[in-house]
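In case you want the letters, here they are:
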Amino acid sequence: MSRIVRAAAIQISPILGDDGLGTARKVCQAIRDAAEKGVKLAVFPETLVPYYPYFSFIQPAFRFGGEHLELYKRAVVVPGPVTDMVAESARDTGMVVVLGVNERDYGTLYNTQIVFDATGEILLKRRKITPTYHERMVWGQGDGAGLKVVESAAGRIGALACWEHYNPLARYALMTQHEEIHCAQFPGSLVGPIFADQMEVTIRHHALESGCFVVNATGWLTEEQIQNIARDPGLEDPLRGGCFTAIVSPEGKLLAPPLTEGEGMVIADLDFALITKRKRMMDSVGHYARPELLSLLQDRRPAHTVHYVGENEPYSALTDEVAP
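- The protein appears in an unreviewed UniProt entry as Aliphatic nitrilase from Acetobacter fabarum.
- According to the UniProt record, the Sequence similarities (unreviewed entry) comment for the protein reads "Belongs to the carbon-nitrogen hydrolase superfamily. Nitrilase family."

1. Remarks on the overall build of the protein
Inference 1: When you go through the protein residue by residue, the secondary structure sums to eight helices and 13 strands.
Inference 2: The C-alpha radius of gyration of the protein comes to 20 Å, within 12% of the 20 Å expected for a compact globule of 324 residues.
Inference 3: C-alpha extents for the protein along the principal axes are approximately 60 × 55 × 40 Å.
Inference 4: Out of the 324 residues belonging to the protein, those deemed buried represent 54%.
Inference 5: In the structure as shown, the protein presents an accessible area of about 14,900 Å², 55% of it carried by carbon and sulfur atoms.
Inference 6: Treating the 31 positive side-chain charges of the protein as one cloud and the 40 negative ones as another, the clouds have centres 3 Å apart.

2. Digging into the layout of surface pockets
Inference 1: Within this model, the largest pocket holds a volume of roughly 410 Å³.
Inference 2: Forming the walls of the largest pocket are 16 residues, and the residues nearest its centre are Tyr172, Ser284, Ala289, Leu294 and Ser295.
Inference 3: The element best represented in the lining of the largest pocket is helix 5 (residues 168–175), accounting for five residues.
Inference 4: Per-class residue counts for the lining of the largest pocket are 10 nonpolar, three polar and three charged.

3. Quick look at empty space enclosed by the protein
Inference 1: Evaluated as defined, the whole model comprises one cavity of 30 Å³ or more.
Inference 2: Each pocket or cavity is described by its volume, and for the largest cavity that value is around 50 Å³.
Inference 3: Lining the largest cavity, in full, are Pro14, Pro45, Glu46, Leu48, Tyr51, Tyr52, Tyr54, Pro187 and Gly219.

4. A short note on the UniProt feature "domain: CN hydrolase" (unreviewed entry) in the protein
Inference 1: Those residues carrying the UniProt feature "domain: CN hydrolase" (unreviewed entry) are residues 5–272 in this numbering.
Inference 2: Within the segment residues 5–272, helix and strand shares are 28% and 25% respectively, and the terminal C-alpha atoms sit 8 Å apart.

5. Observations regarding the packing of aromatic side chains
Inference 1: Applying the stated criterion to the full structure yields six aromatic pairs.
Inference 2: Pairing Tyr52 with Tyr54 gives two aromatic rings, centres 4.9 Å apart and planes at 65 degrees, and the pair type is edge-to-face.
Inference 3: For Tyr52, a relative accessible area of 3% translates into the label buried.
Inference 4: Through a chain of ring-to-ring contacts, three or more aromatic side chains come together here, namely Tyr52, Tyr54 and Trp139.

6. So, the environment of Lys125
Inference 1: Within the fold, Lys125 resides in strand 5 (residues 122–127).
Inference 2: Judged by relative accessible area, Lys125 falls into the partly exposed class, the value being 33%.
Inference 3: Those residues in contact with Lys125, other than ones at most four positions away along the chain, are Val78, Glu103, Thr112, Gln113 and Ile114.
Inference 4: A distance of 2.8 Å separates polar atoms of two side chains, one belonging to Lys125 and the other to Glu103.

7. Some thoughts on the nonpolar core
Inference 1: Ranked by internal contacts, the top residues of the largest apolar core, which has 31 residues, are Tyr54, Phe186, Ile203, Val214 and Leu239.
Inference 2: Breaking this core down by element, the ones donating at least two residues are helix 2 (55–58), helix 3 (65–74), strand 8 (181–186), helix 6 (193–210), helix 7 (223–230) and strand 10 (246–248).
Inference 3: Here this core takes five residues from helix 6, the largest share from any one element.
Inference 4: Setting aside residues up to four positions removed in sequence, Val214 forms contacts with His182, Ala184, Ile203, His206, Ala207, Ala246, Ile247 and Val248.
Inference 5: Within the second largest apolar cluster, 27 residues are counted, among which are Val96, Ala159, Ile247 and Ala268.

What counts and how
- Residues take numbers from 1 onward in each chain, read along the sequence in its written order.
- With the structure being a predicted model, the display of local features is reserved for residues of pLDDT at least 70 and the display and counting of side-chain atom pairs for 80 or more, all residues being used for whole-chain, interface and lining totals.
- Excluded from the side-chain calculations are hydrogens and water; all other atoms, namely the structure's heavy atoms, are used.
- UniProt positions are given in the numbering used here, feature names are shortened, and annotations may be inferred rather than shown by experiment.
- By the criteria applied, helices consist of DSSP H or I runs no shorter than four residues and strands consist of E runs no shorter than two, each listed in order from the N terminus.
- Only C-alpha atoms enter the radius of gyration, while the globule expectation follows 2.2 Å times N to the 0.38, with N the number of residues.
- Each residue is assigned to one of three classes by its accessible area relative to the maximum for its type, calculated with a 1.4 Å probe on protein chains only: buried under 20%, partly exposed between the two thresholds, exposed over 50%.
- With residues, only the protein chains shown are counted as cover, and all accessible areas are computed by Shrake-Rupley using a 1.4 Å probe.
- Neither His nor the chain termini are counted; the positive set is Lys and Arg, and the negative set is Asp and Glu.
- Charged groups are reduced to one reference atom each: NZ for lysine, CZ for arginine, CG for aspartic acid, CD for glutamic acid.
- A pocket, in this scheme, is an open set of points on a 1 Å grid over the protein atoms alone with protein on both sides within 12 Å along at least 5 of 7 lines, while a cavity is a set where a 1.4 Å probe fits but cannot get out; residues line either one if an atom lies within 4 Å of a point.
- Grid points are joined across faces, edges and corners, and a volume is the space filled by probe spheres set on the points.
- Under this grouping Gly is polar, as are all residues other than the nonpolar Ala, Val, Leu, Ile, Met, Phe, Trp, Tyr, Cys and Pro and the charged Asp, Glu, Lys and Arg.
- Aromatic rings from Phe, Tyr and Trp, taking only the six-membered ring of Trp, are treated as a pair when their centres fall within 6.5 Å; an angle between ring planes under 30 degrees marks them as stacked, one over 60 as edge-to-face, and anything in between as tilted.
- For this analysis, residues touch if any pair of their heavy atoms sits within 4.5 Å.
- In protein, a polar contact requires one atom able to donate a hydrogen and another able to accept it; more generally it is a pair of N or O atoms within 3.5 Å, and residues adjacent in sequence count only if both atoms are side-chain atoms.
- Only buried Ala, Val, Leu, Ile, Met, Phe, Trp, Tyr and Cys residues count toward a nonpolar core, and they belong to the same one when joined by side-chain atoms within 4.5 Å.

Below, the structure is given as structure tokens:
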């Protein structure tokens, strides 16, 4: 009998202006609500905690210094109070949770995706490898160490954030690790309807190419939140639309109606037999690959700003380790 996992892509609004714990509490409540519906995997939007830096999209950099500093104050330290809360909820409900946060690592913020196993253990903490456009003024860059697929209670999970899905080699890095469920996160409430259209194409294509399920979550801003962020009616429209919370099968089919407005959950049962059905026809990292012609080189070493070498132990730059 094929394995079936019930998944939820959760479209949700942050709580703006608090210390970040308010949004985390809202996440935990959503986890409990999903558990009552039999969900075993929940995916939340990009940098939901404490909130996506929408201000950076509608303001020039020299004007949003104050808001950037406020984001520093509210950002998530890993591990810390926010991850402890979410880990407890994951453990109590027996659910795998994928959460996007603004992570603070001393003087730098990162767009970080965290995968919690059903035991509450953090299986993966990865950082977006290249912040997009306006985001480069907000976040630092991640590294190849986070381009990993992890084994969870829900299956083999890979994750990318937003326009990382337009980096075919980043997607291929996860595909070569045989991801069964790809967890995608976008900010939502950004750019307008064209963003949702592009998102649909992107996630459906990855499902087909990878032969995996895609669970995609986008954020949502209320009208009041849009007005508070924009502070100018002329800047409000760029903060509307752009939501496409959805779940896609390995055959590229939407498994439930997508959510494009408001808060809510898209829930579907993932039948893993569909992975084999798709890959029997086209396995892009197996029988359909031509590795003698085309292959990927991935540097998975964590990026370090300092390398320590002990006495009489020469440093090997090739391996990032002390040479024997």
